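# Coordinate analysis (summary)
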Amino acid sequence: MANIKSAKKRIRTSAKRAERNKSVRSAVKTSIRKVREAIESKDKTAAGEALRAAISTIERAGSKGVYHKDNVSRKVSRLSRAVNKMD
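Just so it is clear, the model here is predicted, and its values are computed rather than measured.

## Some thoughts on helix 3 (residues 69–84)
- Over its 16 residues, helix 3 runs 22 Å from end to end, which matches the ideal 22 Å to within 8%, given 1.5 Å per residue.
- Within helix 3 the residues assigned to the buried category are Val 72, Val 76, Leu 79, Ser 80, Ala 82 and Val 83. When helix 3 is viewed along its axis, its buried side chains cluster within an angular range of 160° and face the same direction. Of the residues in helix 3, the exposed ones pointing more than 90 degrees away from the buried face are Arg 81 and Asn 84.

Shown next, in the form of C-alpha cells:
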C-alpha cells in the first residue's frame, strides 16, 4: 500500500478510470455482437439499425479515450463492410 498522499490518490483515480473503461469496452463489445447476430440472421434492416447504434457507441468510446482513433476507425470499417456485403 502506498504511503504518499499523491500515490494514494493516483491509485483511487486509476481504479475509477479502469472501472469506467471496462464498462465502455463492454458496451462496445455488446453492440458489435448485436450487429454480428443481425448479419448471421440475414436481417438487413436490423443489421443497419444495429450498425448505426454500434458506430455511435464505438465513436463515443474513442472520444473518451478508451480506444485509439485508428482502432475506432478499423472497428467501424469492418462492421460497415460486413453489413454492406449482405445480400
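## Considering the nonpolar core
- Counting 20 residues, the largest nonpolar core has Val 35, Ile 39, Ile 58 and Leu 79 as the members making the most contacts within it.
- Looking at this core, the elements with two or more residues in it are helix 1 (5–40), helix 2 (44–63) and helix 3.
- When neighbours within four sequence positions are excluded, Ile 39 is seen to be in contact with Ala 47, Ala 82, Val 83 and Met 86.

## What to know about the packing of helix 2 against helix 3
- Viewed as axis vectors pointing N to C, helix 2 and helix 3 meet at an angle of 175°, and their least axial separation amounts to 10 Å. Judged by the inter-axis angle, helix 2 sits roughly antiparallel to helix 3. Residues Lys 44, Ala 47, Leu 51, Ala 54, Ile 55, Ile 58, Glu 59 and Gly 62 of helix 2 touch helix 3, and the partners they reach there are Val 72, Lys 75, Val 76, Leu 79, Ser 80, Val 83 and Asn 84.

## As for the side chain of Thr 57
- Its location among the elements puts Thr 57 in helix 2.
- Filtering out sequence-adjacent residues up to four positions away, Thr 57 remains in contact with Ala 27, Val 28 and Ser 31.

Scoring rules and cut-offs
- Residues numbered from 1 in each chain as written.
- Predicted model: local features only at pLDDT ≥ 70, side-chain atom pairs only at ≥ 80, totals over all residues.
- Heavy atoms only, no water.
- Helix = DSSP H or I, 4+ residues; strand = E, 2+ residues; numbered from the N terminus.
- Expected span 1.5 Å × (residues − 1).
- Buried < 20%, exposed > 50% of the residue type's maximum accessible area, 1.4 Å probe, protein only.
- Arc of directions from axis to C-beta.
- Core = buried A, V, L, I, M, F, W, Y, C linked by side-chain atoms within 4.5 Å.
- Contact = heavy atoms within 4.5 Å.
- Axes fitted to C-alpha atoms, helices over the stretch in contact; angles between N-to-C directions.
- Parallel < 35°, antiparallel > 145°, perpendicular 65-115°, else oblique.

Geometric descriptors of this kind do not, in isolation, establish any biological role.
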